Amino acid sequence: MKYNNLIFVVITFLSIPINAQNDDHRKVNHDFELELQAEYRYFFNEAQFSGQESHFPALAIKPEYSVDWNKGREQINFSGFFRLDKDEERTHWDIRELYYQKAKGSWELNVGLKKVYWGVIESNHLVDIINQTDVVETFDGEEKLGQPMVQFNWITNKLGTFDFFYLPYHRKRTFSGIDGRLRFGTVIEKNDINYESGAEEWRQDFAVRWKHYFGIFDVALSHFYGNGREPLFLFDNQGNTNAFYPIINQTGLEVQVTHDAFLWKLESIYREAKTQHFLALAAGVEYTFGNIDGNGLDIGILGEYLYDDRDALALSGLQNDVFLGSRIAFNDTQDTSILIGGIIDLDKSSKIFSLEASRRIGNSCKVEVEARIFNSIDKEELILSNFKEDSFFRLSLSKFF
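Not measured: the values here are computed from a predicted model. (Residues numbered from 1 in each chain as written. Predicted model: local features only at pLDDT ≥ 70, side-chain atom pairs only at ≥ 80, totals over all residues. Heavy atoms only, no water.)

### Details of the packing of aromatic side chains
Aromatic rings considered in pairs are described by the distance between their centres and by the relative angle of their planes.
Argument step 1. All chains considered together, the criterion is met by 20 aromatic pairs.
Argument step 2. Consider the rings of tryptophan 107 and phenylalanine 152, whose centres lie 6.1 Å apart with planes at 25 degrees: the pair is stacked. Pair noted here: tryptophan 107 is in strand 5 (residues 107-114) and phenylalanine 152 is in strand 6 (residues 147-156), with a separation of 45 residues, a long-range link.
Argument step 3. Three or more aromatic residues joined by ring pairs make a cluster, and in this case those are Phe139, Phe175, Phe184, Phe233, Phe374 and Phe387.
Argument step 4. Positioned over the ring face of phenylalanine 56 is arginine 41, at 5.0 Å from the centre of the ring.
Argument step 5. Looking at lysine 114, its charged tip hangs above the ring of tyrosine 99, at a distance of 5.3 Å from the centre. (Phe/Tyr/Trp six-rings, centres within 6.5 Å; stacked < 30°, edge-to-face > 60°. Helix = DSSP H or I, 4+ residues; strand = E, 2+ residues; numbered from the N terminus. Lys NZ or Arg CZ within 6 Å of the ring centre and 35° of its normal.)

Given below as C-alpha cells:
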C-alpha cells in the first residue's frame, strides 16, 4: 500500500509538465510500443523440495510509451510489466520506468521511477546497486524493478560525467513460492525480510558516480549509502533462514580498456555494514573475431575471474570462480545472436552452464531460448545447493505492436 501511494505521488508530479505541451510553438512527439510474450519453462530434474513443480507456462505484457516536447529537451518515459505465471509469486506487475526528464546544456534531470545500469562484466554484476533485482523473473539478475529516484547528471568535457542520486524508497525482492523453482528449502515471503534501519523501506538512500575516459581507458567510481539491495541471509544449525536488509556503504570501481579487438574489464566493490565487510571483484577479457565469413559474423571469446571474500555466504555463489564463454552475433536481418558459457568453481566441484539465444521472426516477432544447467553442485554451497536440481530450459515467443 505504501508503494502504491508513492506511485500515485509520482504520477501526479509527472502529469504537471504535460500541460506545457499545449503551446502551439512546441511540437509534441508520441511513441507507443507493446510486447506480448508467451513463455514456457521446463525443469529437467525431480524437485528437491516438496511442492515444487516442473512445468511453468506464463504470459507477459510489456507496454512502453514516451512523449517529448521542447525540441526533445523534455520528455516522459513509461515502461510497464505484467506477468501471469503458474508460480503465484512469479505472477507480478511492476512499473519499470515512469519518469520526467529535462536536459539543458551540460546537465540532465530525471524524476520518477527509472532503471539505471552500472558495470562492464558479463557473468556477475557487482557494482550495479541502484535498482532492486527482479529475482523471480531471471536467474542471471539482469531484470530490475523500477526505482523511485531523483537523478541529476552533470556532463563536463575535461572532468567527466557526475551522476547524483536521491533514492527515497527501498523495494524488496520477491522470491519463488512453494511450487516455484530456484528457491530455498524454506519459502521466503518478501514481507518476512526485515530492515536494520528503523525507517525500513522509507530510509533515504544516496549515491554518486563519476565516469570519464582517458584514451583507451573508460573509468567509473561510485559510492552508495543506504539500504542494501541484497538481503543478508543468516542460517542456524536447524536449517532455518533469517534475512534482513542491512545499511551499507558500497564503493565501486569499473574499468574497461579497448585495444584493437580486445576488451579488458574490471569491476570491484568494497561493502561495509555492521554485520559484514567484504571485498569482491571480477576481471576479464573479451576478444572478437570480426566478419569471419565475410557476411558479418562476429565471434567473441570471453574469460572472467570472479572473487568474493564472503566465500560460501556470497548470495551469487560466485566466490572463487572462472567464467568461460562465447558471444556469437550473425549481424543478419533477423538479428540472430547466441551467448554460451560456463562458470567453474575453483574450490569445489560446482559448475553452471548457460545458453541464451534470440532471433527475430519477420518484422514483429522474436523467439528466445535459454538454458541453465547446474552440474555437480557441492553440498557445502549454502546458496547454490538449494538449486542443484533446478536445471531448466526456457522458450519464449514475443509479438511486437
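There is more to say, and it comes next.
### A look at the nonpolar core
Argument step 1. Among the nonpolar cores identified, the biggest contains 43 residues, and Trp118, Ile130, Phe165 and Phe233 are the most heavily contacted of them.
Argument step 2. At the level of secondary structure, the elements contributing two or more residues to this core comprise strand 7 (160-167), strand 12 (241-245), strand 15 (277-289) and strand 16 (298-308).
Argument step 3. Tallying contributions element by element places strand 15 first for this core, with three residues.
Argument step 4. When sequence neighbours within four positions are dropped, the list of residues in contact with tryptophan 118 reads Val127, Asp128, Ile129, Ile130, Phe165, Ala207, Arg209, Ser222 and Glu254.
Argument step 5. In this structure, Trp69, Ile76, Leu98 and Tyr100 belong to the second largest nonpolar core, which totals six residues. (Core = buried A, V, L, I, M, F, W, Y, C linked by side-chain atoms within 4.5 Å. Buried < 20%, exposed > 50% of the residue type's maximum accessible area, 1.4 Å probe, protein only. Contact = heavy atoms within 4.5 Å.)

### Section: the environment of phenylalanine 214
Argument step 1. As for its position among the elements, phenylalanine 214 is in strand 9 (residues 205-214).
Argument step 2. Of the residues examined, phenylalanine 214 reaches a relative accessible area of 45% and is grouped as partly exposed.
Argument step 3. Note: C-alpha distance between phenylalanine 214 and tryptophan 264 (50 residues apart in sequence) is 14 Å.

### Concerning the pairing of strand 4 (residues 92-104)
Argument step 1. Pairing of strand 3 (residues 74-85) with strand 4, which is carried by 10 bridges, proceeds in the antiparallel orientation. Residue pairing for strand 4: phenylalanine 82 is matched across the bridge by tryptophan 93.
Argument step 2. If you look at the hairpin formed by strand 3 and strand 4, you'll find six residues sitting between the two strands.
Argument step 3. Note: strand 4 against strand 5, seven bridges, orientation antiparallel. Note on strand 5: the bridge partner recorded for tyrosine 100 is valine 111. (Pairing = 2+ DSSP bridges.)

### Details of unusual backbone geometry
Argument step 1. Its identity as a non-glycine residue notwithstanding, aspartate 260 has a phi of 55 degrees, on the positive side.
Argument step 2. Position of aspartate 260 among the secondary structure elements: in the loop between strand 13 (247-259) and strand 14 (262-272).
Argument step 3. Backbone geometry places asparagine 291, a non-glycine residue, at a positive phi of 50 degrees.
Argument step 4. Within the element layout of this structure, asparagine 291 appears in the loop between strand 15 and strand 16.

### Re the environment of serine 268
Argument step 1. Note on placement: serine 268 falls in strand 14.
Argument step 2. A relative accessible area of 15% places serine 268 in the buried class.
Argument step 3. In the structure, serine 268 is positioned 125 residues away from glutamate 143 in sequence and 21 Å away in space, judged by C-alpha atoms.
Argument step 4. Beyond its immediate stretch of four places on either side in the chain, serine 268 contacts Val127, Thr251, Gly252, Leu253, Leu279, Ala280 and Leu281.

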